[in-house]
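Take a look at the letters that make up each chain.
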Amino acid sequence: MSIFEAIIQGIVQGATEFLPVSSSGHLSLAQHIMGVKVDSLLFDILLHLGTLIAVCAVYYKLIWRLIKAFISLVADVFCGKFKWKDMDHDRRLLMMLMIGLIPLFLLFLPVPGTGMKLKDISELWASDSTIWIEGLALLMTSALLFLGIRASKGAKVHHFTRKDGKVGEIRGRTKFHTADAICVGVTQCAAAVFPGLSRSGSTMAAGLLRGINQQAALDYSFVLGIPSILAAAVLTIKDAIGQPVDIGVGAMIAGVVTAAVVGFLAIKLLKWIVTTNKLQVFAYYTLVLGVITLIVSVIEAVTGTNLFTGMPL
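None of the values given here were measured: they were computed from a predicted structure.

**Q** Got a minute to help me understand the overall build of the protein in this structure?
**A** Summing up its helical and strand segments, the protein has 12 helices and four strands in all. Against the globule reference of 20 Å for 313 residues, the protein gives a C-alpha radius of gyration of 20 Å, in line with a compact fold. With respect to the principal axes defined by its C-alpha atoms, the protein has extents near 65 × 40 × 40 Å. A buried classification covers 46% of the 313 residues belonging to the protein. Across the protein, every contact between residues at least 6 apart in sequence was considered, and the portion connecting residues at least 24 apart equals 73%. Within the structure as shown, the protein displays about 15,800 Å² of accessible surface, and the carbon and sulfur contribution to it stands at 70%. In the protein, which carries 26 positive and 19 negative side-chain charges, the distance between the mean positions of the two groups comes to 15 Å.

This is how it looks when you write it as structure tokens:
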């Protein structure tokens, strides 16, 4: 892989990890179009760590508050002072994040008759020579976004007192409940299996369908992604150890830096888009891309060759 190709994949990873369009689906499509077969688990880990740097840079204040909430929570549990009903906002958010991560353990369930675990199916689909799974999953992302946007428009309006003493209003709940966290967690698990099903898009849509405010659903989705990305990287490291590295150091550095910078800008862009109620642009984008991907996959199935490189499938 050249430095240019590494930069391209860093851009794809950084933009699509947080924009609700699926990073796994776009990386798979990018490799399919360029005819690049990336077998380096180390490079994959580094790209994800680049996006992890981006989300930490944007949410560092909230992350620090959650760390302090965790320390005080542990202290209260050991001292017998913890009470669920008396939790403040940060402590409650921390608990909901913990609950939202529990469904990820479903990825380690065995798939009957295959000798694989559920998480292995994603790697199998992402590394094959066809792209029809990516097309279907992109259409799933589009459908979830359309449903989430529709639910958000019909969400209950809540009133609150602003700092200036005036009464403001916000559409949807800002407080997560246990059922909300479980629903979002299960959706994140599904996104980890299907390349093309956006993690940020599907988890945010799940929150909107549960009546959560758009900005609250977005922030929860991003912060929930921090331990998810980190855990995925740690689990992949053991598979990467001992694997030959055929990618140069320059290409690796270029990919990581690009993923971090583009990821940071993507988060800022999405926060602005949610604030201005323009989320539907991603629903239409994934719809169009999903349809095009399926059409290309059908043509390639008929011809038996990659439409972009001319190589046999």
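**Q** I keep staring at the layout of surface pockets and nothing clicks. Help me out?
**A** In this approach a probe as big as a water molecule rolls over the atoms, and the regions it shows empty are the leftover space. Taken as a whole, the second largest pocket spans an internal volume of roughly 420 Å³. Along its surface, the second largest pocket is lined by 18 residues, and L62, H89, L93, A216 and D219 are the ones closest to its centre. Listing elements by their share of the lining of the second largest pocket, those giving two or more residues are α4 (60-79), α5 (89-101) and α10 (214-240). Here the element with the most residues in the lining of the second largest pocket is α10; it accounts for five residues. Of the residues in the lining of the second largest pocket, the class split is nine nonpolar, four polar and five charged.

**Q** Explain the packing of aromatic side chains here, please?
**A** The description of an aromatic ring pair uses the distance of the two centres, along with the angle that the planes make with each other. One pass over the structure, following the stated rule, counts five aromatic pairs. Ring geometry for F18 versus F222: centroids 5.5 Å apart, planes at 90 degrees, classification edge-to-face. In this pair, F18 sits in helix α1 (residues 3-18) while F222 sits in helix α10, placing the two residues 204 residues apart along the sequence. The exposure classification of F18 matches that of F222, with both residues buried. Taken together through their ring pairs, the aromatic side chains of F18, Y59 and F222 make up a single cluster.

**Q** Could you clarify how one ought to interpret the pattern of salt bridges in this entry?
**A** Pairing of side chains with opposite charge becomes possible as their charged atoms draw close. Within the structure shown, the criterion is met by six salt bridges. Where D90 meets R65, a salt bridge forms, and the shortest distance between an N and an O atom there is 2.6 Å. You can see D90 sitting in helix α5 and its partner R65 sitting in helix α4, a full 25 residues away along the chain. For D90, a relative accessible area of 17% corresponds to the buried category.

**Q** Would you mind going over the nonpolar core with me for this structure?
**A** Counting residues in hydrophobic clusters, the biggest one holds 48 residues, and the most contacted among them are V55, Y59, Y220, F222, L270, L279 and F282. Tallying contributions element by element places α10 first for this core, with nine residues. Not counting residues up to four positions away in its chain, the partners in contact with L279 are P20, I149, M204, L208, L270, I273 and V274. Core analysis: the second largest hydrophobic core is formed by seven residues, A6, F43, I247 and A259 among them.

Criteria and cut-off values
- Each chain carries its own residue numbering, running from 1 in the direction its sequence is written.
- Given that the model is predicted, a residue must reach a pLDDT of at least 70 before its local features are reported, and side-chain atom pairs must reach 80 or more before they are shown or counted; all residues, however, enter totals for whole chains, interfaces and linings.
- Side-chain measures were taken over the full set of non-hydrogen atoms in the model, leaving aside hydrogen atoms and water.
- Strands are runs of DSSP state E lasting at least 2 residues, helices are runs of H or I lasting at least 4, and numbering of each runs from the N terminus.
- A radius of gyration in this sense is built from C-alpha atoms; the matching globule rule multiplies 2.2 Å by the number of residues raised to 0.38.
- Relative accessibility thresholds used throughout: buried, under 20% of the residue-type maximum; exposed, over 50%; partly exposed, between the two (1.4 Å probe, protein chains only).
- What makes two residues a contact is simply this: any of their non-hydrogen atoms within 4.5 Å.
- Computed with a 1.4 Å probe, the accessible areas rest on the Shrake-Rupley method; for each residue, only the protein chains presented here act as cover.
- Positive charges are assigned to Lys and Arg, negative charges to Asp and Glu, while His and the chain termini are left out of the count.
- By convention, the point assigned to a charge is CZ for Arg, NZ for Lys, CD for Glu and CG for Asp.
- Using protein atoms alone on a 1 Å grid, points that fit a 1.4 Å probe yet trap it form a cavity, whereas open point sets bounded by protein on both sides within 12 Å along at least five of seven lines form a pocket; residues with an atom within 4 Å of a point count as lining.
- Grid points are joined across faces, edges and corners, and a volume is the space filled by probe spheres set on the points.
- Polar here means any residue outside two lists: the nonpolar Ala, Val, Leu, Ile, Met, Phe, Trp, Tyr, Cys and Pro, and the charged Asp, Glu, Lys and Arg; Gly therefore counts as polar.
- Only Phe, Tyr and Trp rings are paired, with Trp represented by its six-membered ring, and only when their centres lie within 6.5 Å; those with planes under 30 degrees apart are stacked, over 60 edge-to-face, the remainder tilted.
- For this analysis, a salt bridge means a side-chain nitrogen from Lys or Arg found within 4 Å of a carboxyl oxygen belonging to Asp or Glu.
- Buried residues of nine kinds, namely Ala, Val, Leu, Ile, Met, Phe, Trp, Tyr and Cys, make up a nonpolar core once their side-chain atoms join them within 4.5 Å.

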